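Secondary and tertiary structure notes
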Amino acid sequence: MPFEVFRRHQRKMLAILAILAMFTFVLADSLPRMLSSSYGNRGDVEVAKVFGKTVRLSDLHAMASQRNRANLLMGSVSQRFDRDGFFGGLKQRDLIDAVILEKEADRLGMPADSAAGKEFLQANSMLPLNRENFEILYSRFSNEVSREQLLADLANQARIQQVRGLIGGRPMITPYDVYQAYRNQGERVADKIVEIPVENFLAKVEEPSSTEVQTLFDKYKDVLPTPGSPTPGFKVPRKVQVEFVSIDAEGKARALRDKLPEAELQTFYENHKNEYKIPSDFPDDLFADAPELTPPVIQPFAQVKALLAERLADEKAQEQVGNVFGEIRDKELIPFADDYLTMLDEKAADPNASVKAPVDVDLKAIAAKDGLAYEISPLLSREQAERYGMIANAQVGSVRLSGGRRFVDEFFDPKVGLYEPVELIDLIGNRYLARKMKDEAPRVPSLDEVRADVVRAWKLAKARPLAEKAAQDIASKLKAEKKGKIEADQVDGYTVASVPPITSMQSGFADNPFGYAPPTETPIPGISYPGEALRNAYFSVQEGEPLVASNQPGTMYYVVALDRREPVDFNNLYGPVGEEMSYKALTRIQTSIRQNQDWMDRLRREAGLPADWTPPDEASKDEEAHG
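Residues numbered from 1 in each chain as written. Predicted model: local features only at pLDDT ≥ 70, side-chain atom pairs only at ≥ 80, totals over all residues. Heavy atoms only, no water.

1. Considering the overall build of the protein
Definition in use: The way it works is that DSSP assigns letters per residue, a run of H or I at least four long becomes a helix, a run of E at least two long becomes a strand, and they are numbered from the N terminus. We call a residue buried when its accessible area falls under 20% of the maximum for its residue type, exposed when it is over 50%, and partly exposed in between, using a 1.4 Å probe and counting protein chains only. Contacts: residue pairs with any heavy atoms within 4.5 Å of one another. Each accessible area value is a Shrake-Rupley result obtained with a 1.4 Å probe; residue values ignore everything except the protein chains displayed when judging cover.
Secondary structure assignment for the protein yields 21 helices and 15 strands. Looking at the protein as a whole, 39% of its 627 residues are labelled buried. Across the protein, every contact between residues at least 6 apart in sequence was considered, and the portion connecting residues at least 24 apart equals 73%. As presented, the protein carries roughly 35,600 Å² of accessible surface, and 52% of it is formed by carbon and sulfur atoms.

2. Focus: the sheet that holds strand β6 (residues 395–396)
How we decide: We treat two strands as partners when DSSP finds at least two bridges between them. A fitted line through C-alpha atoms represents every axis, and for helices the fit uses only the stretch in contact; the resulting angles, taken between N-to-C directions, go from 0 to 180 degrees.
With antiparallel pairing, five strands are arranged side by side in an open sheet as β5-β4-β8-β7-β6. The sheet is open, and its two borders are formed by β5 (373–376) and β6, each paired with just one other strand. As paired elements, strand β4 (residues 239–248) and β5 share four bridges and run antiparallel to each other. When the bridges of β5 are listed, S246 appears paired with A373. Helix α13 (residues 301–349) rests against β4, β7 (422–425) and β8 (430–440) of the sheet, and its axis sits at about 25° to β8. Along the sheet, helix α14 (residues 363–370) makes contact with β4, β5 and β8, crossing β4 at roughly 10°.

3. A few points about the layout of surface pockets
Under the convention used in this document: A pocket here means an open set of points on a 1 Å grid, computed over the protein atoms alone, that has protein on both sides within 12 Å along at least five of seven lines. A cavity is instead a set of points where a 1.4 Å probe fits but cannot get out; residues with an atom within 4 Å of a point line either one. Grid points are joined across faces, edges and corners, and a volume is the space filled by probe spheres set on the points. Note on residue categories: nonpolar means Ala, Val, Leu, Ile, Met, Phe, Trp, Tyr, Cys or Pro, charged means Asp, Glu, Lys or Arg, and polar means any other residue, Gly included.
A volume near 1,100 Å³ is recorded for the largest pocket. Looking at the largest pocket, it is lined by 35 residues, and the ones nearest its centre are P225, T226, T231, P232 and G233. The set of elements that each furnish at least two residues to the lining of the largest pocket consists of α15 (382–385), α17 (447–481) and α21 (616–626). At nine residues, the largest contribution of residues to the lining of the largest pocket is made by α17. The residue makeup of the lining of the largest pocket, split by class, is 16 nonpolar, nine polar and 10 charged.

4. Focus: helix α5 (residues 92–108)
Heads up, the rule is: One fewer than the residue count of a helix, multiplied by 1.5 Å, yields its expected span.
With 17 residues, α5 ought to run about 24 Å at 1.5 Å a step, and its terminal C-alpha atoms sit 24 Å apart, in line with that. Residues Q92, L95, I96, D97, A98, I100, L101, E104 and A105 constitute the buried set of α5. Where α5 ends, the next residue or the one after it, G109, has phi of about 75°, a positive value.

5. A word on the pairing of strand β3 (residues 188–197)
Among the 10 residues in β3, eight count as buried, and that is most of the element. Both β3 and strand β11 (residues 502–503) contribute to a ladder of two bridges, which runs antiparallel. Residue pairing across strands places V189 opposite I502, the latter belonging to β11. Relative to strand β15 (residues 556–566), β3 is paired through 10 bridges, and the arrangement is antiparallel. What sits directly across from P197, in β15, is M556. The pairing of β3 with strand β10 (residues 494–498) spans three bridges and is classified as antiparallel. Among the inter-strand pairings, K192 is bridged to a residue of β10, identified as S498.

6. Focus on the environment of K356
Secondary-structure assignment places K356 in the loop between α13 and α14. Classification of K356 by relative accessible area gives exposed; the value is 75%. For the pair formed by K356 and E346, sequence separation is 10 residues and the distance between their alpha carbons is 10.0 Å.

7. A look at the packing of aromatic side chains
Convention followed: Two rings from Phe, Tyr or Trp (for Trp, the six-membered ring) form a pair when their centres are within 6.5 Å of each other. A pair whose planes differ by under 30 degrees is stacked, one over 60 is edge-to-face, and the rest are tilted.
Throughout the structure, instances matching the rule amount to 16 aromatic pairs. A ring pair is formed by Y179 and F570, whose centres lie 6.0 Å apart and whose planes are at 45°; its orientation type is tilted. With Y179 in helix α9 (residues 175–186) and F570 in helix α19 (residues 570–574), the pair connects residues that are 391 residues apart, well separated along the chain. In this structure Y179 comes out as partly exposed when scored by relative accessible area, which is 22%. In this structure F570 comes out as partly exposed when scored by relative accessible area, which is 47%.

8. Details of the pattern of salt bridges
Applicable threshold: Basic side-chain nitrogens of Lys or Arg form a salt bridge, by our definition, when they fall within 4 Å of a carboxyl oxygen of Asp or Glu.
As enumerated under the stated definition, the model contains 46 salt bridges in all. A salt bridge links E410 to R405; the shortest N-O distance between them is 2.9 Å. On the basis of relative accessible area, E410 is assigned to the buried category, the value being 12%. By sharing partners, the salt bridges in this structure join R69, R140, E144 and D153 into a single network.

Okay, structure coming up:
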């Protein structure tokens, strides 16, 4: 009987199941973000000032709820997939933009009623939108809003989306625009550059006065140091200390490989020989009713013996390492971490109580007993941790390339507490058992503590003009005496670097096969932070006309001379089998994105939002990343 009921109503029931499945999928991603700490646990903070009014977190809740409902509704009926939802995300920046766009939609007289919502839903639904299906959709929201309000919510989000894209549309592009995009990704430039370090001129700079040191310190004492920035930061960033033991699992496997008994290898082969089938030109089920007619052809033992030994030795080595780490973790590190957390709980319950601290584990002694390498790091900033030995390249887990978090991401995560044991592995097979020993918050230091850094920053600023003058003199000399060419390995005692041919831009990488990935700047080998000025000099330099530019942080000046240029072929773009169509599409997308961004920037300015505004949720994440 139940099957007969299903068979009679299968279309209707399958539609219902599909809708509910879509709801579940979208809810799993959208709702947690809406209900995260950004909305409930940080207090009713001020987010921004727009149109002369203060917008607090509570003010954004209505917009967030409305957008979430509209995203859920359209996520259930549309074939379009968006990472942040059909109408956009729920972060504070997204919601402030939505408030600004809503104001513009009001000014333009765009409707936001249930009739407009119904029209939008019908036009964008992949399901037949009859009363019955709409009731199924509405049932998810019946405790929150009325049917009319749900459609009005949809209409409001739809018009916000439409206002956001008012300018973009299908932008006009010229053949020159297309050619420039093609040239940026096709023309290759090789330069020779003279490197002139600014620090070479520090000795020529006088010492700063006490007042100058104090003034510079006061200006930047609450600024975190930022890699690539031309201005200093004297605030001490967040720092962590990590203690760990390690073992070369790959080396252990090599030691085991030559000692494996023949009989053990033979047994391993028998248990896994189906994995060493010789590929056949015929399908395995060619004779489905008589599989004995197509028996698998297996590679003989002698042929795969070396592979078997490598695989078995690796399994044994990983098992041994796992056993050693497991015993240390379970019998020593976890019990101490639990005792430490219990002590914290007891202190929190009664701050005046006398609580005895647990006795820490002597991990160094344990490592010596078990034949493991031991190390404890100094206090490391995030930047230092990213370069700290081999462990910096490790990821959480016990299997290589398993996708675990990087070492620095794991130990700078504020949710990873002190003394919690974490296993990691690097690309060459080194295994690590690590724990965080200290986690110090960012702080403003005293002047005496960072005086040397302040003095150096002051002198670097004074030395830059001297380095630039030296670079200009070398450029003039090369132009006058060498026709702008650099032929030697050194010029006036400064090192010359030869950069191989590179393009200005390179193809980007999309998150999914059907996504758009904008082109990205091609890195200049050997230069970490080139900056716009140096990149312009590198790719625009002409033969016989060397240029001078500094890197972004202003620590090095360069004399850039053209070595050779490999121009693009015009016919490869516009010829019969050229790439005109693909570069037209790319240029149109880029132009549309740029126009939309310019339009949104204009609306933000008109709303009174500062160009350097940072919402509280991003500011807190930035503090966690740097401190």
